[in-house]
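Okay, here's what each chain looks like letter by letter:
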Amino acid sequence: MPVRRVAVTGLGVVSALGNNLAEFYRSLAAARSGVRRLPDDVTLGSGVQVGALAAWDAAAHFKGPEAAALDRVSQFALTAAGEALTASGLVAAQPAATARERIGVCWGTGMGGAQTLDAAYKSVYGKNDFRLRPLSVVMAMNNAAGSNVAVKWGLRGPFANFSTACSSSAMAIGEAMHAIRAGRADAMLAGGSEALLTPGMLAAWQALRTLSPMDADDPAASCKPFDQRRGGLVLGEGAAVLVLEEEAHARARGATIHAFISGYGNTCDATHMSKPDRDGQVRAMALALGESGLAPEAIGYINAHGTATIVGDVVECEAIKAVFGDAAMRIPVSSTKSMHGHLLGGAGAIEMAAALMPFADGIVPPTAHLERPDPACAVRHVALKAERGAIPRAVMSNSFAFGGSNVVLIAERA
Amino acid sequence: MDTLARIKDLAIKELALDPAKIDPNAPLAELGVDSLSFIEFMFKVEDEFGVKVSDEDLRKIKCLADLERHVAASLPAAGKA
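Throughout this document, residue positions are counted from 1 along each chain, in the order its sequence is written. A letter from A marks each chain and a number from 1 marks each ligand, given out in the order of writing. Residue-level local features of this predicted model are given only where pLDDT is at least 70; pairs of side-chain atoms are given and counted only at 80 or more, and the full residue set underlies all totals for whole chains, interfaces and linings.

Contacts between the two partners involve seven residues from chain B and, on the opposite side, six residues from chain A. Secondary structure elements follow DSSP: runs of H or I no shorter than four residues count as helices, runs of E no shorter than two count as strands, and numbering proceeds from the N terminus. When contributions to the side of chain B that touches chain A are tallied by element, the ones reaching two or more residues are α1 (3-15) and α2 (35-49) of chain B. When residues are grouped by polarity, Ala, Val, Leu, Ile, Met, Phe, Trp, Tyr, Cys and Pro land in nonpolar, Asp, Glu, Lys and Arg in charged, and all others, Gly among them, in polar. Class assignment of the residues belonging to the side of chain B that touches chain A gives a composition of four nonpolar, no polar and three charged. What counts as a contact is two residues whose backbone-derived C-beta atoms lie within 7 Å of each other.

Here we take up helix α13 (residues 278-292) of chain A. Because an α-helix completes one turn every 3.6 residues, residues spaced three or four positions apart along the sequence face the same direction. Residues and elements named next belong to chain A. With 15 residues, α13 should reach 21 Å at 1.5 Å per residue; the first-to-last C-alpha distance of 21 Å fits that figure. As a rule, residues whose C-beta atom has 12 or fewer other C-beta atoms within 10 Å are exposed, those with 20 or more are buried, and those in between are partly exposed; C-beta atoms are placed from the backbone. For α13, the full list of buried residues reads Q281, V282, R283, A284, M285, A288, L289 and S292. Along its buried surface, α13 packs onto β8 (259-268), α14 (310-324), β13 (394-400) and β14 (405-413). Positioned one or two residues after α13, G293 has a phi angle of 75°, which is positive. Helix span is expected to be 1.5 Å times the residue number reduced by one.

This part covers the sheet that holds strand β7 (residues 238-246) of chain A. Residue and element names in this part refer to chain A. Any two strands are treated as partners once DSSP identifies two or more bridges connecting them. Here we have ten strands laid out as an open sheet, ordered β5-β4-β6-β7-β1-β8-β14-β13-β9-β10, and mixed in their pairing. The sheet is open, and its two edges are formed by β5 (159-162) and β10 (333-334), each paired on a single side. Two elements, β13 and β14, share seven bridges in a ladder whose sense is antiparallel. In the strand pairing of β14, A394 is matched with E412. In the packing of helix α9 (residues 144-153) onto the sheet, the strands contacted are β4 (103-108), β5 and β6 (187-194), and the crossing angle to β4 comes to about 160°. Comment: axis = line fitted to C-alpha atoms, over the contacting stretch for helices; angle = value between 0 and 180 degrees taken between N-to-C directions. Here α13 sits on the sheet in contact with β8, β13 and β14, set at roughly 145° to β8.

Attention now goes to the domain arrangement of chain A. Accessible area lost upon the coming together of the parts is a frequently used measure of interface size. Residues and elements named next belong to chain A. Domain delimitation in this document rests on an assignment produced automatically or drawn from a domain database. By the assigned domains, chain A splits into domain 1 (6-252) and domain 2 (264-413). Centre-to-centre, using C-alpha coordinates, domain 1 lies 20 Å away from domain 2. Domain 1 puts 64 residues into the contact, and the matching count from domain 2 is 56 residues. Put simply, the parts of the chain that give the side of domain 1 that touches domain 2 at least two residues each are β1 (6-14), α1 (21-29), α10 (168-181), β6 and β7. Broken down by class, the residue content of the side of domain 1 that touches domain 2 amounts to 33 nonpolar, 24 polar and seven charged.

Put into structure tokens, the structure is as follows:
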């Protein structure tokens, strides 16, 4: 039986770089950072000074009381999913309920409805007020964002929610691709969202000593992946969604195909809860390449995990060199986290969206602020400015998570 | 403003009900209010009127008129709205 090819027919984004795909791509192309000094009511006493906060007005996206029943993480999810579905034309083309039994949702998030939890804790522990909103549970639960997406568009096919920290939504895309390949669905909405910029969450991250201090001269440049001056990651928020669709299904309705997802590698380091392991990353990249059937040289851009931690960036570059050998010095690599921040559960999806950018017009997004590359991170960097070149045959996106989960995705041009 | 009018206003705001179509005697389901939305709405009603509705009483409320009767009976008698 021939392999069912999985097309990308729609994309949607909410981020500090803009609340739609076009703005997101424009920002990446211009190397514009969405990182900034966080307002005092977000940081409180956490000591965290910078983050990539989305410019978000719920009332602009939701009518009347609708927004109040949705945690920010679900608001992001619904908005990005709406953009992706509209762009793909999928729901418009599939009105029948029976057809929607063949369309599913795979979602990823690290912390789910963090703001709802924060509000509840504030009430219980801060005010000794145990009278919590009745919707607290369904707003905070980890599967709320994906479920809200399924409910909104009546997507009645396979549903799964992944919570593997920073690889969550990359896993959602990989598993959604496999669901289509296996014939369990004709189309899947695959993506992820995160909205955990709350004082408590920031304090927890700060305690881990993994966040970058603010760049005093230029707060927007606080996240410096692969740079000698890097000091850690910068947290972000937002959502990204891909509409994945079996090729013949997409072609039958005349949909525009942006790319094909053809490789998915999934491994676990099984060595440490936070320290990355080169071998686990190498195996994930090799598995993704193996599934795609592509030679390493076919990869024309790697969107790195590149969180800008001291250890993480070095290990990833070593892993890339181990997999690609000499070609590692020819394949453009960048970490777009330098601009949109680390979306954690949403990172895999938003970085897949960034990785697909060269397919549109050959523009490869850069690692912003990379002025002094660390010799220990010697790969072919796209530093400071986007590069325009030929449209690559294929691209790779890496997502490596706390807990040791490694997910690598490969997409091919349409 | 009387109790029913306040409940109606709250329902328009919190449940996005059409002011022209609110029938206080219509079953809530007919107004498009599901059980989850209703429980969240009751939370707001309790805040608005400073009352507490027990689970047992909640189950007896089938329409906004039932709700109004219940709230009115729960309100302190003198001088308070």
